[in-house]
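One-letter residues, chain by chain:
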Amino acid sequence: MSKKYIDIVLSIFFIVLAVLLYRSTATFPKSALFTTAVYIKFLSYMLAIASFVQLVISSRSDASIKVIFARDPKKFFILILSLIVYVWIMRYLGFILSTLIFLPVTMKYMGYNKFLKSILITAGITLFVYILFVKLFEIQLPEATIIFGAAL
Amino acid sequence: MIILDALQAVMSVNVLTAVTIGSISGVIIGGMPGLTATMAVALLIPITFSFSPLIGLSLMGGVYAGAMYGGSIAAILLSTPGTPAAAATAIEGYPLTKQGKGGLALKVSVIASFIGGTFSVVVLLLVSPLLAQFALKFGPPEYFLLALMGLTGVISVSSGGLAKGIMSGLIGLIIALIGTDAMSGMLRYTFGIVQLYEGVSFMPALIGMFSIAQMLALTSEKRIANEGIDLSSIKREKMPKGMAPFIALGTAVGTIVGIIPGEGATIAAFVSYNMAKQKSKFKELFGKGNPEGIAAAESGNNACVGGSLVPLLTLGIPGNTVSAALMGGLMIQGLIPGPELFTKYGQITYGFILSLFIANIVFLVVGLFFAPYFARIALIPASILIAAISVFAVIGSYAINNSMFDVGLMLIFAFGGFFLDKLGFSLSAIILGMILGPIAESGFAQALTISGGTYGIFFASVPAKILWVVIIVLLVQPLIGHYRSRKIKNTAS
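Owing to the predicted nature of the structure, the values given are computational and were not obtained by experimental measurement. (Residues numbered from 1 in each chain as written. Chains lettered and ligands numbered in written order. Predicted model: local features only at pLDDT ≥ 70, side-chain atom pairs only at ≥ 80, totals over all residues. Heavy atoms only, no water.)

1. Section: the nonpolar core
No. 1: Counting residues in hydrophobic clusters, the biggest one holds 211 residues, and the most contacted among them are Tyr39(A), Phe133(A) and Ile395(B).
No. 2: Looking at this core element by element, the count peaks at 16 residues for helix α4 (residues 53–78) of chain B.
No. 3: Each of domain 1 (3–60) and domain 2 (73–148) of chain A contributes no fewer than three residues to this core.
No. 4: When neighbours within four sequence positions are excluded, Tyr39(A) is seen to be in contact with Phe144(B), Leu173(B), Leu177(B), Gly437(B), Ala440(B), Glu441(B) and Phe444(B). (Core = buried A, V, L, I, M, F, W, Y, C linked by side-chain atoms within 4.5 Å. Buried < 20%, exposed > 50% of the residue type's maximum accessible area, 1.4 Å probe, protein only. Helix = DSSP H or I, 4+ residues; strand = E, 2+ residues; numbered from the N terminus. Domains from an automatic or database assignment. Contact = heavy atoms within 4.5 Å.)

2. As for the environment of Gly329(B)
Residues and elements named next belong to chain B.
No. 1: Residue placement: glycine 329 occurs in helix α13 (residues 321–332).
No. 2: Distance in space between the C-alpha atoms of glycine 329 and alanine 42 is 8.2 Å, their sequence separation being 287 residues.
No. 3: If near-sequence neighbours (up to four positions away) are discounted, glycine 329 is found in contact with Ile45, Leu57 and Met60.

3. Observations concerning the interface of chain A and chain B
No. 1: Listed per partner, the contact involves 61 residues of chain A and 58 residues of chain B.
No. 2: Of the roughly 5,200 Å² buried where chain A meets chain B, counting both sides, 82% is carbon and sulfur surface.
No. 3: The largest per-residue losses of area from chain A upon contact with chain B belong to Tyr39(A), Phe69(A) and Phe137(A), which jointly make up 12% of the total buried on that side.
No. 4: Counting across the interface, chain A meets chain B through one salt bridge. (Buried area = accessible area lost by both parts, 1.4 Å probe. Salt bridge = Lys/Arg side-chain N within 4 Å of Asp/Glu carboxyl O.)

4. Here's the deal with the packing of aromatic side chains
No. 1: Here the structure, examined in full by the defined rule, presents 21 aromatic pairs over all chains.
No. 2: Note on Phe14(A) and Phe425(B): the rings are 6.2 Å apart at their centroids and 50 degrees apart in plane angle, and the pair reads as tilted. Here Phe425(B) lies in the loop between α16 (404–422) and α17 (427–451) and Phe14(A) lies in helix α1 (residues 3–24), a pairing that spans two chains. The two residues Phe14(A) and Phe425(B) agree in class, both being buried.
No. 3: Note on Phe342(B) and Tyr350(B): the rings are 5.7 Å apart at their centroids and 75 degrees apart in plane angle, and the pair reads as edge-to-face. Each member of the pair Phe342(B) and Tyr350(B) is classed as buried.
No. 4: Among the aromatic residues, those joined into a ring-pair cluster are Tyr39(A), Phe42(A), Phe144(B), Phe444(B) and Phe458(B). (Phe/Tyr/Trp six-rings, centres within 6.5 Å; stacked < 30°, edge-to-face > 60°.)

5. So, helix α5 (residues 87–98) of chain B
Residue and element names in this part refer to chain B.
No. 1: When the terminal C-alpha atoms of α5 are compared, their 17 Å separation across twelve residues agrees well with the 16 Å that a helix rising 1.5 Å per residue should span.
No. 2: With nine of twelve residues buried, α5 lies mostly within the body of the structure.
No. 3: For α5, the full list of buried residues reads Ala88, Thr89, Ala90, Glu92, Gly93, Tyr94, Pro95, Leu96 and Thr97.
No. 4: Where α5 is buried, its residues meet α4, α6 (102–135), α11 (265–279) and α12 (291–315). (Expected span 1.5 Å × (residues − 1).)

6. Examining the domain arrangement of chain A
No. 1: By domain assignment, chain A separates into domain 1 (3–60) and domain 2 (73–148).
No. 2: Averaged C-alpha coordinates put domain 1 of chain A and domain 2 of chain A at centres separated by 40 Å.

7. Considering the pattern of salt bridges
No. 1: The tally for this structure, following the rule as stated, stands at four salt bridges over all chains.
No. 2: Two residues, Lys164(B) and Asp7(A), come together in a salt bridge whose shortest N-O distance is 2.9 Å. Linking Lys164(B) in helix α8 (residues 162–175) with Asp7(A) in helix α1, this pair reaches from one chain into another. Of the two residues examined, Lys164(B) and Asp7(A), each falls in the buried class.
No. 3: The salt bridge partner of Arg188(B) is Asp181(B), with a shortest N-O separation of 3.4 Å. Judged on exposure class, the residue Arg188(B) and its partner Asp181(B) are both buried.

8. Focus on the packing of helix α9 (residues 202–218) of chain B against α13(B)
All names here are of chain B.
No. 1: Where α9 contacts α13, the axes come no closer than 11 Å and their chain directions differ by 145 degrees. Seen from above, α9 lies across α13 with left-handed handedness. For the pair formed by α9 and α13, the contact residues are Phe202, Met203, Leu206 and Phe210 on the first element and Thr321, Ala324, Ala325, Gly328 and Met331 on the second.
No. 2: Taken together, the residues of the contact of α9 with α13 sort by class into seven nonpolar, two polar and no charged. (Axes fitted to C-alpha atoms, helices over the stretch in contact; angles between N-to-C directions. Left-handed = near helix turned anticlockwise from the far one by under 90°. Nonpolar A, V, L, I, M, F, W, Y, C, P; charged D, E, K, R; others polar.)

In structure tokens:
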């Protein structure tokens, strides 16, 4: 992806954000008009100026420079997806079950193929986190509400 | 008297255990490329939450000191700097290892790190209380300018250019606007989300941008270090002669650079390394394995530890991301950086500073006797590291407020931070903007209230004028650098 065009789009986005920020101060109550509103206007001026300068710099830059977000896109997107799914299923399955699923699956897709070792590592990390947070520091971790009702 | 009480508190079994565990963990984390001291301290905060303040801070301080040294082990033995600050060490350390002198390089590194780190803690101990007293004279305009100076320091060293650096700092300041307005009590930019009424917590942002974003970057790597050297062949060697001037040079440079906001350990290490190169009688050996370079670079980056804590503890201005994470640790314990830390909470603060001496001793012992063993840690496959750190990041961001909303925020900051980082925006400036935002805003608003809306208040006092000079110097410095490099480029072409 060309860095030049992403930079241009982002600069325009931040200029629009600066305008919206400036306009938002119009609805502020009287008590904030000469304090907070001035500060926010100051930030919006600065953002607009910096974004405009960046827009000029980007417009003059070489379009052939590419941004490589991930050298291994498959692994990259799998990690993003697995993190989202992990956090989502944690709401229903709780910390223990979701971690027991997340760890071996992620390790496998990240390229670790030793099945037995990955199971042992999964059990070790899950147990370590559970003992550390729940038993030692008495911090409550998400519980499995969907299967076991209130708590696991 | 307070110092004696603090010393007594530090000598308790619990604190000593915390420092030892922290320092050793720091060496391990620092030795693993891809894992940073910021990440370690950020992930530790939810755990230290349930500790007494001194134990929690000692643990985090130990990690900071240990990680700064730990980065050099993988740099010397595997040519893979554990931390960016150890990159200069790799230039001289790895050639020495290839010549069969890895033991010598490790010894120079640990002794230089120990001296640099210890001296900077002495400076922290002596300078901080004086600066804290001086800070009592600061009013709202000075605090606004201090926040601006802290941010400018980071912006000025932003790798993506000055404009993107400024934009990054402003993004952080704008995110900090979300929540309840302290002056009028109105809700700003919360979009009806109850969890945002108290603002965006910077801890999930810190964990997301400095843990998960790093893991996303690691997906391209199979192993994070190269395996060229037989680690069992490393022998213990004596400290070479003639290192003292280079250690002294690095220590002085690192301490000063550390105190300046934004100018972190990487800059300290490279400035010290380059100065050592100019000063050396054996210039031709630089790049081929000169221990003088290691001595300067390692004392330089470790001297930053104490230096960077000076503005944090006295003024509440974190100079780099590790001290920003440490600030999170202080605030979670209800400790607000500033003069009160040295009076009302003197025992905790001095105890924390004294614990840093012990952290230095711990990594000295670890480095002298076990360094080659720690290098093996860098050989852990990236696949295991990514999965494990992800779990710690998710649980860590949840545990601070027992909130799944925070976990969601952490992921948003991780993905957004990764994207912005790839485009040259500064994640350090974003996070510092988020931390310094409330300080800047309250300073700005209160100053205008006091002056009745006159902006002259920001230029009235002597400290304010000095702060303006520093801000301008920090902003002009990269522009001059840019101008010079363009001139050289034009001349060459």
